[in-house]
Amino acid sequence: MKSKKNLLEQLKPLPHFGKNTVYQLGEQLGLKDSTIDTYISRFLKYKEIYRLKNGLYASAEFFDKNRNDISYSFYLANIIRTPSYVSSWAALQYYNFTTEATRVVTSVTLKVTRDYRTTAGNFAYQSIDKELFSDFDLMTGKFDFFIASPSKALFDLLYFKTRQFRGLTLKKIKTLVEELRIDIDEMDQKEQGKFYAMIKKYE
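Residues numbered from 1 in each chain as written. Predicted model: local features only at pLDDT ≥ 70, side-chain atom pairs only at ≥ 80, totals over all residues. Heavy atoms only, no water.

## Quick look at the sheet that holds strand β1 (residues 17-18)
Reading across from one edge, β1-β3-β2 is the order of the three strands in this open sheet, with antiparallel pairing throughout. At either end of the open sheet lies a strand with only one pairing partner, and these are β1 and β2 (49-53). In this structure, β1 lies alongside strand β3 (residues 56-59), joined through two bridges in antiparallel fashion. Bridge pairing links Phe17 to Tyr57 in β3. (Pairing = 2+ DSSP bridges. Helix = DSSP H or I, 4+ residues; strand = E, 2+ residues; numbered from the N terminus.)

## Notes on the packing of aromatic side chains
On inspection of all chains with the given rule, the structure shows 24 aromatic pairs. Here Tyr72 and Tyr75 contribute two aromatic rings whose centre-to-centre distance is 6.2 Å and whose plane-to-plane angle is 20°, an arrangement assigned as stacked. Residue Tyr72 and its partner Tyr75 are both found in helix α5 (residues 70-80); the two are separated by three residues, about one turn of the helix. Summarising the burial analysis for this pair, Tyr72 and Tyr75 share the class buried. Between the aromatic rings of Tyr95 and Phe97, the centroid separation amounts to 6.2 Å while the plane-to-plane angle is 40°, which identifies the pairing as tilted. Overall, Tyr95 belongs to the buried group, its relative accessible area being 19%. Three or more aromatic residues link up through ring pairs in this structure, and these residues are Tyr50, Phe62, Phe63, Tyr72, Tyr75 and Phe143. The ring of Tyr196 is capped by Lys174, whose NZ or CZ atom sits 5.4 Å from the centre of that ring. (Phe/Tyr/Trp six-rings, centres within 6.5 Å; stacked < 30°, edge-to-face > 60°. Buried < 20%, exposed > 50% of the residue type's maximum accessible area, 1.4 Å probe, protein only. Lys NZ or Arg CZ within 6 Å of the ring centre and 35° of its normal.)

## With respect to α5
The element α5 is largely enclosed, with a buried count of nine among its eleven residues. Among the residues of α5, Ser71, Tyr72, Ser73, Phe74, Tyr75, Leu76, Ala77, Asn78 and Ile80 are the ones counted as buried.

## Some details on the environment of Asp64
Residue placement: Asp64 occurs in helix α4 (residues 60-66). The exposure class assigned to Asp64 is partly exposed, which follows from its relative accessible area of 36%. Here the alpha-carbon distance between Asp64 and Ala120, two residues 56 residues apart in the chain, equals 8.6 Å. A distance of 2.9 Å separates a polar atom in the side chain of Asp64 from a polar atom in the side chain of Arg67. (Polar contact = N/O pair within 3.5 Å; in protein donor to acceptor, adjacent residues only side chain to side chain.)

Below is the structure:
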């Protein structure tokens, strides 16, 4: 059982890890793949690691230590489904343009729409066309992550909520923004201009 403990100790400092990483570390300890699979099952059972999706995990100790750091949740969101960037409600809340609390990290992806409900949090992904997979930035720090610009976060939110702005006039869009309690007036003029330029083609 010493090898099991040693394996877990090597996983604890990792922000995330895949099954191949566990196999490689286990191999260094002289463990067979079948033994490692058994250990992974036990780690999950006793909540020593969390499953983010099939074959992708985070150590419970690392996650619990960083659970209140939003950048870690956003970093994981980028990792769980690649390529993707954080957008919509999650991004608007990050920029302080809404007081609506969200417990789901919302992202935009080129892959199919999908949700992941995990012990480490809930992550939602919405599929968008390649030409609209744009206008996001890399935020660097303790955890790096891609996030939509304020204007694109608002665009993405409304794009999916209104089914690509079908039948909506600019006046109706402005009313909808108010109803959703998004403080667009706090957005700088350049970002507001970018937002209105993006939706203009849908009028």
